[in-house]
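Listed below, chain by chain, are the residues.
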Amino acid sequence: MSYSTADSLPPVTLDDVRGAQKMLTGVARVTAMEGSRHLSQLVGAPVHFKCENLQRTGSFKLRGAYVRIAGLLPEERAAGVVAASAGNHAQGVALASSLLGVRSTVFMPKGAPLPKISATRDYGAEVRLHGQVVDETLAAAQEYAAETGAVFIHPFDHSDIIAGQGTVGLEILEQCPEVRTIVVGIGGGGLAAGIATAVKALRPDVRIVGVQAAGAAAYPPSLAAGRPVAVDNPATMADGIKVGRPGDVPFRIIGDLVDEVRTVTEDELATALLLCLERAKLVVEPAGASPVAALLSDPGAFEGPVVAVLSGGNVDPVLLQRVLRHGMAAQGRYLAVRLRLTDRPGALATLLGVLSVVDANVLDVGHVRTDPRLGLTEAEVELHLETKGTAHCAEVGQALREAGYTVIG
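As a convention, each chain's residues are numbered from 1 in the sequence order in which they are written. In keeping with the model being predicted, local features are shown solely for residues with a pLDDT of at least 70 and side-chain atom pairs are shown and tallied solely at 80 or more, while totals for entire chains, interfaces and linings include all residues. By convention in this description, side-chain values take in all heavy atoms of the structure and omit both hydrogens and water.

Engineer: Looking at this model, I keep getting lost on the overall build of the protein. Mind explaining?
Structural biologist: Per the secondary structure count, the protein includes 16 helices and 14 strands. C-alpha atoms define the radius of gyration, and 2.2 Å times the number of residues to the power 0.38 defines the globule rule. In summary, the protein has a C-alpha radius of gyration of 24 Å against a globular reference of 22 Å for 409 residues, a match within 12%. With the C-alpha coordinates of the protein rotated into their principal frame, the extents come out at 80 × 50 × 40 Å. Under the scheme applied here, a residue whose accessible area is under 20% of the maximum for its type counts as buried, over 50% as exposed, and between as partly exposed, the area being computed with a 1.4 Å probe on protein chains only. Burial analysis of the protein (409 residues in total) assigns 54% to the buried set. Contacts: residue pairs with any heavy atoms within 4.5 Å of one another. For the protein, long-range pairs separated by at least 24 residues make up 73% of all intrachain contacts whose partners lie at least 6 apart in sequence. All accessibility values rest on the Shrake-Rupley procedure with a 1.4 Å probe; residue burial counts only the protein chains present in the view. Total accessible area on the protein stands at roughly 17200 Å², and carbon and sulfur atoms take up 51% of it. Neither His nor the chain ends contribute to the count of charged residues, in which Lys and Arg are positive and Asp and Glu negative. Note that the charge is assigned to NZ on lysines, CZ on arginines, CG on aspartates and CD on glutamates. Of the side-chain charges in the protein, 36 are positive and 43 negative, and the distance between the mean point of each set is 3 Å. Only DSSP runs of H or I reaching four residues or more are called helices, and only runs of E reaching two or more are called strands; each is numbered from the N terminus.

Engineer: What am I meant to see in the pattern of salt bridges here?
Structural biologist: It is possible for side chains of opposite charge to pair when their charged atoms get near one another. In what follows, salt bridge is the name for a side-chain nitrogen of Lys or Arg lying within 4 Å of a carboxyl oxygen of Asp or Glu. Under the criterion given, the structure shown has 14 salt bridges. A salt bridge links Arg203 to Asp205, with the nearest nitrogen and oxygen atoms 2.9 Å apart. Residues Glu260 and Arg207 are paired through a salt bridge, measuring 3.1 Å at the closest nitrogen-oxygen approach. Remark: Arg207 occurs in strand 8 (residues 207-213) and Glu260 occurs in strand 9 (residues 260-264); sequence separation between them is 53 residues.

Engineer: Is there a simple way to think about the state of the cysteines in this case?
Structural biologist: Two cysteines joined by a covalent bond between their sulfur atoms form a disulfide. Note on terminology: pairs of cysteine sulfur atoms within 2.5 Å are recorded as disulfides. Within this structure, the stated rule accounts for 0 disulfides. Here Cys51 is not disulfide-linked; the sulfur of Cys276 is the nearest cysteine sulfur, at 8.8 Å. Looking at Cys51, the relative accessible area reads 0%, which means it is buried. Classification of Cys276 as buried rests on a relative accessible area of 0%.

Engineer: Even after reading the chapter, I still don't get unusual backbone geometry, so can you show me in this structure?
Structural biologist: The phi angle of most residues is negative, glycine excepted, and most peptide bonds adopt the trans form. Here the bond from Gly304 into Pro305 is cis, since omega is 0°, no more than 30 degrees from zero. With respect to the secondary-structure elements, Pro305 resides in the loop between helix 13 (290-297) and strand 10 (306-310). In this structure, Asn233 is a non-glycine residue whose phi angle is positive, near 50°. Within the secondary structure, Asn233 is located in the loop between helix 10 (219-225) and helix 11 (248-257).

Engineer: Would you take a moment to explain the sheet that holds strand 6 (residues 151-152) for this structure?
Structural biologist: The strands making up a sheet associate through hydrogen bonds between their backbones, and the pairing can be parallel or antiparallel. One bridge is not enough; two strands pair if DSSP finds at least two bridges between them. Sheet architecture is open: 4 strands sit in the order 5-4-3-6, paired in parallel fashion. The sheet is open, and its two edges are formed by strand 5 (126-129) and strand 6, each paired on a single side. With 4 bridges joining them, strand 4 (residues 104-108) and strand 5 adopt parallel strand pairing. Note on strand 5: the bridge partner recorded for Val106 is Val127. Axis definition: a line fit to C-alpha positions, over the contact stretch in the case of helices; interaxial angles, taken between N-to-C directions, run 0 to 180 degrees. Contacts from helix 7 (residues 134-148) reach strand 3 (81-84), strand 4, strand 5 and strand 6 within the one sheet, and its direction differs from that of strand 3 by about 165°.

Engineer: For this particular structure, what's the right way to read the pairing of strand 3?
Structural biologist: A regular strand places its side chains on the two faces of the sheet in alternate fashion. Of the two faces of strand 3, both are covered, the one formed by Val81 and Ala83 as well as the one formed by Val82 and Ala84. Relative to strand 4, strand 3 runs parallel, the two sharing 4 bridges. In the sheet register, Ala83 faces strand 4, and the bridge partner there is Val106. A crossover links strand 3 with its parallel partner strand 4, the connecting element being helix 5 (residues 88-100), and its sense is right-handed. Bridge count for strand 3 against strand 6 is 2 bridges, and the pairing is parallel. Counted as the bridge partner of Val81 is Val151 from strand 6. When the strands point away from the viewer and the connection leading from the first strand across the helix to the second strand turns clockwise, the crossover is called right-handed.

Engineer: So what exactly am I meant to see when it comes to the nonpolar core here?
Structural biologist: Soluble globular proteins tend to pack their nonpolar side chains together in the buried interior. Among the nonpolar cores identified, the biggest contains 55 residues, and Ile69, Val81, Ile172, Val179, Ile182, Ile195 and Val309 are the most heavily contacted of them. Those residues in contact with Ile69, other than ones at most four positions away along the chain, are Arg77, Val81, Val93, Ala96, Ser97, Leu100, Val102 and Ile153. We define a nonpolar core as any set of buried Ala, Val, Leu, Ile, Met, Phe, Trp, Tyr and Cys residues linked to one another through side-chain atoms lying within 4.5 Å. Counting residues in each nonpolar core, the second largest holds 38 residues, with Val47, Ala213, Leu269 and Ala289 among its members.

Engineer: I tried to follow the environment of Pro74 on my own but got confused; where do I start?
Structural biologist: In this fold, Pro74 is placed in helix 4 (residues 74-79). C-alpha of Pro74 to C-alpha of Gly101: the two residues are 27 residues apart in sequence and 11 Å apart in space.

Engineer: It is not clear to me how helix 6 (residues 114-122) should be interpreted in this structure. Could you clarify?
Structural biologist: When helix 6 is considered as a whole, its buried residues turn out to be Lys116, Ile117, Ala119 and Thr120. The buried residues of helix 6 all sit within an arc of 165° when viewed along its axis, so they share a single face. Of the residues in helix 6, the exposed ones pointing more than 90 degrees away from the buried face are Leu114 and Asp122. The inward-facing, buried residues of helix 6 abut helix 5, strand 4 and strand 5. Taken from the residues just after helix 6, Gly124 is the one with a positive phi, measuring 115°. Our arc is simply the arc of the directions from the helix axis toward the C-beta atoms.

Engineer: Help me understand the environment of Asp160 in this model?
Structural biologist: With respect to the secondary-structure elements, Asp160 resides in helix 8 (residues 159-175). For Asp160, a relative accessible area of 0% gives the class buried. Asp160 sits 20 residues away from Ala140 along the chain, and the two C-alpha atoms are 23 Å apart.

Right, here's the structure in full:
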């Protein structure tokens, strides 16, 4: 299975996925299937997590990368491989190449998180930082391939990649043979296309639901148009599915085999990530939490048993901190307010007394005393509060207003 361009690639078949599964024996882990009591209660049927966040390198990407590189001709291996990625694909290519004894070069954006850069190097790749966004990094990698003869390893637009990712689908059927619905995040489409290829061949009755971040949802307009359509300036915290244009090869498969593509908001992604951490004790990146976000947003729409594919767990600690705070705010468990008060001794203590009465926990306090918007005797205070839900947030706001404070944000 080695082809040079997307246009020349044949359809991916069940036999291709089964061949990939044999190739990956002893290389990729058969990741765990964990039940979720909380989601099962919401959906009204069993919900399971397919934990690809616990895969080697922290995501499913190793599967496709290994199959693709293992399928290269000897002279192609000798030339080495090159890839472009902000994280998961980079690590999958780096480890797969090391296991197969192939030299790898990975281009990453200059702003890529340091833990992902370090991990990619530790897996054996030469890392080159280029560009500020992935599109610039991708162009640099393709230019390098043209200059050196290295084989470019696309993250999703190749039949070998899709066959490798499809092994997730085979494992789902083995671990949960009664499954009725599989929910999986979609970026370029390699994982969803692979799972759909394997599952629909064996169980055409299983419903496959893809999930995209609303700010980077290229598949709904593409499916409506009948061809891949690019989305300008995709924007989402879920960098693992932040892809502006579907891949040609996965697009054809998803159009034929995936039953539905849904979108989720940033608030829903943050809430889902928080649920995975608190309820399932699983560290999942925003892209990996997208199927959970879909289940939370419309639990009655999914026939069970349901398997949600947690595609990856490589979340930057700085982003994790921001996302968790965002998720808490979306649930009404974190509240930031700005208000004005008279700048005199004891004013802050009086304000904190009001908050104490309504049982709001103060996490942080910031003061502004010099600002053209403020009067000579005024100060602006920003409070970060731990709260107990949306009703409690409303109670806090009402108590502040009744105490005579002007809440400005």
